[in-house]
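# A structural walkthrough
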Amino acid sequence: MVAGKVALVTGARRGIGLATARLLAAAGARVVLLNRAGDGDGSSLDELAGDLAASHATECLAVTADVADPSQLSDGYRAILKRFGRLDILVNNAGILGDARLGMIPDAMIRQVIDTNLIAVIANIQAASRLMRRSGGGAIVSVTSIVGLRGNPGQVVYAASKAGIVGATLSAAKELAADGIRVNAVAPGFIETDMIGHLGPEVTAERLDGIPLGRAGSAEEVAEAIVFLASERARYITGQVLGVDGGMVL
Ligand code: NAI
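These numbers were taken from a predicted model, which means no experiment stands behind them. (Residues numbered from 1 in each chain as written. Predicted model: local features only at pLDDT ≥ 70, side-chain atom pairs only at ≥ 80, totals over all residues. Heavy atoms only, no water.)

Now for the environment of Leu 8. Its location among the elements puts Leu 8 in strand E1 (residues 6–10). The sequence separation of Leu 8 and Glu 192 amounts to 184 residues, and the corresponding C-alpha distance is 23 Å. Excluding anything up to four places from it in sequence, Leu 8 contacts Val 32, Leu 34, Tyr 77, Ile 80, Leu 87, Ile 89, Leu 90, Val 91 and Asn 124. (Helix = DSSP H or I, 4+ residues; strand = E, 2+ residues; numbered from the N terminus. Contact = heavy atoms within 4.5 Å.)

Here is the structure:
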């Protein structure tokens, strides 16, 4: 129930963003893959978009931009308008970690994490909702984290940025409902992607211990929840934060 829709996925180069872009394309959406330069497996974002479009007989557009850079982001929206003339779905997925204990957190890290994980999400919600209003509605799904709801030692900045997404989601849902725009979030728990690749075996075992379903989640499992919330099947759902965490939050 997203066929023909134009969907923007930030951080679409790998992990949860790539899985979401793939699922949307497979369901017939026209997908804009936005990512900063780098972080790939060697192939370019253009090649990735081309392959995705070809394998699902749809249209895809690659936009290389840093979400935390306002001018790059506006250039990205200009490119979307030029190519598709509309936007129906926004998936705010791009995000970075910034792990450090209190007292040791560099100012630059605080700014970079908040700029990327929170300010860029608000900027995207603003830019996307302007376009969605023009075409009579849309759906926004942002990726927060269990850490934004529960906290985690060593992740004060990351947790603050992700908790901020929850507040932004609830407020935007109230504000944009009258325009036919639904705003929701997913809160993944422990998902096997490059983002958690740096964790040692001890921390990994400890995290797995706290998951009632007994295993880490996959990027595809998070993507399923994102695409559901973005689709017409969730047409009466707004202002929700859906945990995708194997029960970790319990
Ligand atoms: P990942 O590190 O594998 O992928 C993130 C993607 O975002 C990369 O392609 C990266 O290049 C892109 N990106 C990062 N900063 C960017 C920027 N400034 N501008 C444009 N693109 C940028 O991470 P993963 O695991 O796929 O995470 C996706 C989202 O899910 C993030 O928001 C993360 O915080 C969240 N999340 C992940 C969890 C996990 O266990 N992996 C758990 C909870 C939340």
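In the neighbourhood of the ligand, 29 residues make up the surrounding shell, with Asp 39, Asp 66, Asn 93, Tyr 158 and Thr 193 lying closest. Asn 35 places a polar side-chain atom, nitrogen or oxygen, 2.8 Å from an oxygen atom of the ligand. Thr 193 is positioned such that a nitrogen or oxygen atom in its side chain is 2.5 Å from an oxygen atom of the ligand. Summarising the interface, the protein chains cover 98% of the accessible area of the ligand, which totals 830 Å² for the free molecule. (Near = heavy atom within 4 Å. Polar contact = N/O pair within 3.5 Å; in protein donor to acceptor, adjacent residues only side chain to side chain. Areas by Shrake-Rupley, 256 points an atom, 1.4 Å probe, with all protein chains shown as cover.)

Tracing the chain through its elements places Asp 245 in the segment after strand E7 (241–244). Judged by its relative accessible area of 13%, Asp 245 falls in the buried class. The residues touching Asp 245, leaving out its near neighbours within four places in the chain, are Ile 146, Ala 187, Pro 188, Gly 189 and Ile 211. Of the polar contacts made by the side chain of Asp 245, one reaches the backbone nitrogen of Gly 247; its length is 2.8 Å. (Buried < 20%, exposed > 50% of the residue type's maximum accessible area, 1.4 Å probe, protein only.)

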